[in-house]
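# Understanding the architecture of this molecule
Here is how the chains run, residue by residue.
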Amino acid sequence: MKRILITLSFFLLLIFIWAALTGDLAFIGVDISLWSPYVLPPPSTVGHYLWDNTLNGKIPLSMLITLRRLLIGYAIGLVIGVPLGMVSARFRCINDTLGMLALGLQALPSVCWVPLACIWFGQTEVALLFVVIMGTLWSVLLSTQNGMKNVPPIYARAARTMGSSPIHTLVFVTLPASAPFVVSGMKQGWAFAWRSLMAAEIYVSVISGFGIGQYLHYGRELQRMYQVIGIMFIIILVGLLADKILFSPLESWLHRRWGTGKD
Amino acid sequence: MIQEKLHEEIHNFPTAKLSVEHVCKDFVTNNGTVVRALDDVSLTINEGEFVCFVGPSGCGKSTLLNIIAGLEKPDSGMALIDGTPITGPGRDRMMMFQEHALFPWLDVIGNVMFGLKQKPNLNNKERLEVAKYYLYLVKMDRFAHANIHELSGGMRQRVALARSLAPNPKILLMDEPFSALDAMTRERLYGDIQDVWEKRRKTIIFVTHNVREAVCLGSRVVLFSPHPGRVREEFPVHLPRPRNINNHDLADLSQEITSALKGYTAAESD
Ligand SMILES: Nc1ncnc2c1ncn2[C@@H]1O[C@H](COP(=O)(O)OP(=O)(O)OP(=O)(O)O)[C@@H](O)[C@H]1O
Ligand SMILES: [Mg+2]
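Residues numbered from 1 in each chain as written. Chains lettered and ligands numbered in written order. Predicted model: local features only at pLDDT ≥ 70, side-chain atom pairs only at ≥ 80, totals over all residues. Heavy atoms only, no water.

Here we come to the site of ligand 1. All names here are of chain B. Near ligand 1 you find Phe-27, Val-35, Ala-37, Ser-57, Gly-58, Cys-59, Gly-60, Lys-61, Ser-62, Thr-63, Glu-176 and His-209, and these make up its full shell. Compared with its free state, where it exposes 640 Å², ligand 1 has 65% of that area covered by protein. Contributions of two or more residues to the shell around ligand 1 are made by β2 (34-45) and α2 (61-69). Of all the elements, α2 adds the most residues to the shell around ligand 1, at 3 residues. Its residues assigned to classes, the shell around ligand 1 shows 4 nonpolar, 6 polar and 2 charged. (Near = heavy atom within 4 Å. Areas by Shrake-Rupley, 256 points an atom, 1.4 Å probe, with all protein chains shown as cover. Helix = DSSP H or I, 4+ residues; strand = E, 2+ residues; numbered from the N terminus. Nonpolar A, V, L, I, M, F, W, Y, C, P; charged D, E, K, R; others polar.)

Okay, here's the thing in structure tokens:
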């Protein structure tokens, strides 16, 4: 409870400073506006923008469009990445080829794929999905591979003496045993996917749907900094929610079972 | 109907006769030298016998156990169960390791169920009943839903024992299962394992460094010597059960075996 209060008052303080710097507190005599509202809009304008556009449905719709791209791309990245990581951990020749490729491509920020994706797929949904998949795939692949390699061999031996076939051992022993690694890779993959999608949406206009990133882009074009900042809040919110809803329960379950970590 | 099937599952005690015939096994180490882990080892272990393997480190005890478990193949010779050569791991032989090897992503009962799930002739409800019975047998029934990391070392080995017993194997292979535990816990487990053996009458092979432990548990103690790994001598143990490790006769016999063991470790270093 005390910790929540501290967190809350910290953020209130930040908003207070922001309000003081932009003239929102003129009514109580505090006004130290250093910049014009075109450069740093006051919280009230940003709030208005968010409120209006939530009510008229523009922001919810664009969130829906963006989240759909994100989830589909992420799911495809997982479905390809986890099995490839498993195969790569098992067979040395795949580790030496595909594993190396993954290592190289993981070092590449996935926004670098945008120009190619636009040439290959045009300004379409597929281009955006491609960028998201490139963001997810390699880190999921690498962490799965790493996790599987770190599983103590005794687990597989124990399973085999209990009559587990090699495939059964792989799916029901080695994979769950590497779960802590796989989950942290999934989390990293999610972060990469989210960042790359935002970059791609800001970069490329797709007529099939107006995502959040595109609103940010047009905010810049139209010199509407309140829109830019408002959308930034939305982006932060989505990121936080995903962490709390998707990954926190999974991680705390892992911690309870494995007895690792605290808090 | 279910009751009958369960009764049959739990109250039927399969055991098997094990023979090891002229088994040799070499390992090539990283720097290219060849280590002869087992050199022409032959042994016969009868149905329901409790045999302990004792010997200094590196004399091939674990290697022999792995060969019997089917996790490793001998270079020559073979191991047979009731006359059938062993070609791979099987449910008729369960292995218990020095580290408990329990799966941390499953709870206690989930671990005991793991081996049972591979048995096709039971349904899930029956499996659960069987698992509970074995947890009860090792006095861990109260902890069925605990996580593995919440258990003490002794409790973990008990669960590991229940997990190995649950699929009702003919042979139980135990590789220094108690060596990481303190003396008190170990003494309690000696009682438990003798109790389990009386009740279940399995063929048990138990590997240890501790001569007293071997004399306390085994109906026969087999001594190994290293470089190359060989069977040197066998001692039958006719003490009445249940045995207490602090018993006088037991101490005397251990003494005798220990001096025999020292004899060829000394000869080795000459
Ligand atoms: N996988 C392996 N690769 C190379 N050498 C091995 C391997 N496994 C065992 N050895 C060697 O074979 C010999 C016998 O090993 P083993 O583990 O069977 O001994 P042990 O009697 O079980 O010893 P301890 O009492 O220390 O467990 C040792 O010299 C060991 O170094
Ligand atoms: Mg050993």
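Attention shifts here to the packing of helix α3 (residues 58-90) of chain A against helix α11 (residues 225-258) of chain A. All names here are of chain A. Relative orientation of the contacting elements α3 and α11 amounts to 50 degrees, with a least axis distance of 12 Å. Accordingly, the angle class assigned to the pair α3 and α11 is oblique. The handedness of the crossing between α3 and α11 is right-handed. Across from Ile-59, Met-63, Leu-67 and Tyr-74 in α3, the residues of α11 making contact are Ile-234, Val-238 and Phe-247. Looking at the contact of α3 with α11, its residues break down into 7 nonpolar, no polar and no charged. (Axes fitted to C-alpha atoms, helices over the stretch in contact; angles between N-to-C directions. Parallel < 35°, antiparallel > 145°, perpendicular 65-115°, else oblique. Left-handed = near helix turned anticlockwise from the far one by under 90°. Contact = heavy atoms within 4.5 Å.)

The next point concerns the pattern of salt bridges. For the coordinates displayed, the defined rule picks out 17 salt bridges over all chains. A:Glu201 serves as the salt-bridge partner of A:Arg69, at 2.6 Å between the closest nitrogen and oxygen. Within this pair, whereas A:Arg69 is found in helix α3, its partner A:Glu201 is found in helix α9 (residues 179-203), the two being separated by 132 residues in sequence. For the salt bridge of B:Asp39 with B:Arg230, the shortest nitrogen-to-oxygen distance reads 2.6 Å. Separated by 191 residues along the polypeptide, B:Asp39 in strand β2 and B:Arg230 in strand β10 (residues 230-236) bring together distant segments of the chain. What makes B:Asp39 buried here is its relative accessible area of 12%. Residue B:Arg230 is classed as partly exposed on the basis of its relative accessible area, which comes to 39%. Within the structure, one salt-bridge network assembled from shared partners comprises A:Arg68, A:Arg69, A:Glu125 and A:Glu201. (Salt bridge = Lys/Arg side-chain N within 4 Å of Asp/Glu carboxyl O. Buried < 20%, exposed > 50% of the residue type's maximum accessible area, 1.4 Å probe, protein only.)

Moving on to the sheet that holds strand β5 (residues 84-85) of chain B. Residues and elements named next belong to chain B. Read from one edge of the open sheet, 4 strands run β2-β1-β4-β5, paired in antiparallel fashion. Strand pairing shows two members of the sheet lacking a second neighbour, β2 and β5, which therefore form its edges. Of the pairings in the sheet, the one linking strand β4 (residues 76-81) to β5 comprises 2 bridges and is antiparallel in character. Bridge pairing in β5 places Leu-80 opposite Pro-85. Docked against the sheet, α2 engages β1 (18-28), β2 and β4, running at close to 120 degrees with respect to β1. (Pairing = 2+ DSSP bridges.)

Next up on the list: the sheet that holds strand β8 (residues 203-208) of chain B. Residue and element names in this part refer to chain B. Read across the sheet, 6 strands follow the order β6-β7-β8-β3-β9-β10 without closing on themselves; strand pairing throughout is mixed. Among the strands making up the open sheet, the edge pair consists of β6 (93-96) and β10. On average, adjacent strands in this sheet sit at an angle of 20 degrees to one another, irrespective of strand direction. Taken together, the 5 bridges between strand β7 (residues 171-175) and β8 define a ladder with parallel strand orientation. Following the sheet pairing, Leu-172 is matched in β8 by Ile-204. Sitting on the sheet, α2 touches β3 (50-54), β6, β7, β8 and β9 (220-225), and the angle it makes with β7 is about 150 degrees. Packing of helix α5 (residues 153-165) onto the sheet brings it into contact with β6 and β7, and relative to β6 it is tilted by some 170 degrees.

Here the focus is unusual backbone geometry. Residues and elements named next belong to chain B. With an omega of -5 degrees, the peptide bond between His-227 and Pro-228 qualifies as cis. Tracing the chain through its elements places Pro-228 in the loop between β9 and β10. Omega for the bond connecting Arg-241 with Pro-242 falls within 30 degrees of zero, at -5 degrees, which places this linkage in the cis form. The topology assignment puts Pro-242 in the loop between β10 and α8 (248-269). Positioned with a positive phi, Asp-40 is a non-glycine residue whose angle comes to about 50 degrees. Tracing the sequence through the fold places Asp-40 in strand β2. Residues other than glycine seldom take positive phi values, yet His-227 does so here, at roughly 50 degrees. One can find His-227 in the loop between β9 and β10.

On their own, these measurements won't tell you what the molecule is for.
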